[in-house]
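Coordinate inspection notes
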Amino acid sequence: MAEGSGSLYDPRRHVRILSERVRDVSSVDYPGHFPGEDHSWDLAKFTENFHLEVQRLSQRSVEFDLVGVDASIANAFRRIMIAEVPTVAIESVYAWDNTSIIVDEVLSQRIGLIPIHVDPRRIDVKSEGDESTDRNTLVFNLDVRCSRNTKAKRGATADSELYINHEVLSSHLQWVPQGEQAEVFEADPPRATNPNIVLAKLRPGQAVKMELHAVRGVGKDHAKFSPVATASYRLLPLVVLNPDKPVPKESAEKFAACFAPGVIHVDKRSGKVRVEEKNLRKDTVSREVLRHPEFEGCVELKRIRDFFLFHVESESAYPPEDLLPEAIQILRGKIAAIRQATEALLDEDQTMDSQDAMQTD
Amino acid sequence: MSCATFQIHDESHTIGNTLRWMIMKNPMVEFCGYSVPHPSENHINLRIQMYDGLSAIQALLSALGNLDSLCEVVDDKYKESLKHGSYERWEEKS
């Protein structure tokens, strides 16, 4: 397994998991913490130690290892993916007709939460007071009327057979191109990411007719704009056996059962246990092993403080593998904005200093 | 100005904690910390105190530069891993 920065068994990288508490959680890799050691920022050293590896990828989710960074950095990526990567969601609902049993405001709330498949990079932000234009707003129509299915077989009981349109689905959203939108989105027309979301149930005679306006926004404003279903990380678990106190042969199987399947390998003939390093990430760190007195002192449970196992599930127009690069770009944008403001502050500071010098002269 | 508190608007723990970490990596920094004074006020306070009367603004600027280069490394390595890595591809039903 790729360890990234050094050995997994370096005690400085360990968060200790004890039976009733967790120790050494905070990182201490700062200048001045260890006497005679240099822990100041060094890009070359960081680049050498840093390790990033994609583990699994599907059309909906990605798993990757981020190794050799501080928790504050990993957490910034996670936070940005959840709350600051923009997506498009329905913000205004104009209800012309709603005779379903779900009231307008509840139905509107549900409609707002539908993930919309449209590249947010092609839509401008609509700030407060801005007029709606074809650059910042997408319009959808929702027009569903339920009726009796006259061709239903005798004795049919299923709603889908008895009625036509007995459900308002996200696939009923009809995109209405405005202005230049028909050309811009021709190749990949805006639609609901998942066509099977039930928004309301209808009975014959009931109808929903609404106009929906979608805009671009970010998750910190409203969760409906969040591009991810989950974006989370956990630290790599580590199980360290004590060579001075081996696990008793007769309870080897019991020992292995304390961990997730595959983490502990029991040799059938000798009854010796060993840790399967490549399966360590499967462990849940349930601490079950610490409950049994016969295993006391046999094993230590740890996590690697700078080994982040990310799991990101996209629930938007972004392919899952694009979310981290987007988050990085947003973080760099923030850095650039703060740098600009700081430089302005520096100029101000210098002119103030020179004025002070003139006064003392 | 060797000691300063910077108020950064429209920012939160995301930037506060990363900047704090990077500024603390500077050996000439005596103290660095940040706070979110109130959850419904959208700003953070970032405190920097320097040794030897050095400029706190300069420390902030260099930390911003370092953070940017860190982001670049992460971005490059991610894209490289995505392009050349041997990872498992699978079909996920939604």
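Residues numbered from 1 in each chain as written. Chains lettered and ligands numbered in written order. Predicted model: local features only at pLDDT ≥ 70, side-chain atom pairs only at ≥ 80, totals over all residues. Heavy atoms only, no water.

**With respect to the UniProt feature "domain: DNA-directed RNA polymerase RpoA/D/Rpb3-type" (unreviewed entry) in chain A**
Per the UniProt record, "domain: DNA-directed RNA polymerase RpoA/D/Rpb3-type" (unreviewed entry) is found at residues 61–341 of chain A. Between the end C-alpha atoms of residues 61–341 of chain A there is a gap of 37 Å, over a span that is 20% helix and 33% strand. (UniProt positions renumbered as here; feature names shortened; annotations may be inferred. Helix = DSSP H or I, 4+ residues; strand = E, 2+ residues; numbered from the N terminus.)

**Things to note about empty space enclosed by the protein**
One simple way to see leftover space: roll a probe sized like a water molecule over the atoms. A complete count under the given rule lists one cavity of 30 Å³ or more for this structure. Classifying every residue of the lining of the largest cavity by side-chain character gives five nonpolar, one polar and three charged. (1 Å grid on protein atoms, 1.4 Å probe; cavity = no way out; pocket = protein on both sides within 12 Å on 5 of 7 lines; lining within 4 Å. Points joined across faces, edges and corners; volume = space filled by probe spheres on them. Nonpolar A, V, L, I, M, F, W, Y, C, P; charged D, E, K, R; others polar.)

**Concerning the pairing of strand 3 (residues 51–57) of chain A**
Where strand 3 of chain A lies against strand 4 (residues 61–67) of chain A, six bridges are found, and the strand directions are antiparallel. Residue pairing across strands places Leu57 of chain A opposite Val62 of chain A, the latter belonging to strand 4 of chain A. Where strand 3 of chain A folds back on strand 4 of chain A, the antiparallel hairpin that results is connected by three residues. Taken together, the two bridges between strand 3 of chain A and strand 4 (residues 88–89) of chain B define a ladder with parallel strand orientation. When the sheet's bridge partners are listed, Arg56 of chain A is paired in strand 4 of chain B with Glu88 of chain B. (Pairing = 2+ DSSP bridges.)

**Topic: the UniProt feature "domain: DNA-directed RNA polymerase RBP11-like dimerisation" (unreviewed entry) in chain B**
Following the UniProt record, one finds the feature "domain: DNA-directed RNA polymerase RBP11-like dimerisation" (unreviewed entry) at residues 3–76 of chain B. In residues 3–76 of chain B, helix accounts for 45% and strand for 30%; the two terminal C-alpha atoms are 35 Å from one another.

**Concerning the layout of surface pockets**
Here the largest pocket is characterised by a volume of approximately 930 Å³. Mapped by element, the contributors of at least two residues to the lining of the largest pocket are strand 1 (14–17), helix 1 (43–49), helix 2 (71–83) and strand 18 (299–314) of chain A together with helix 1 (13–24) of chain B. Looking at the lining of the largest pocket element by element, the count peaks at four residues for strand 18 of chain A. What the second largest pocket holds in volume is close to 360 Å³. In this structure, the second largest pocket is lined by 18 residues; those nearest its centre are Val125, Lys126, Val215, Arg216 and Gly217 of chain A. Contributing elements (two or more residues each) for the lining of the second largest pocket: strand 5 (87–98) and strand 14 (207–217) of chain A. Per element, the largest residue contribution to the lining of the second largest pocket is four residues, and it comes from strand 14 of chain A. Residues belonging to the lining of the second largest pocket are distributed by class as follows: six nonpolar, six polar and six charged.

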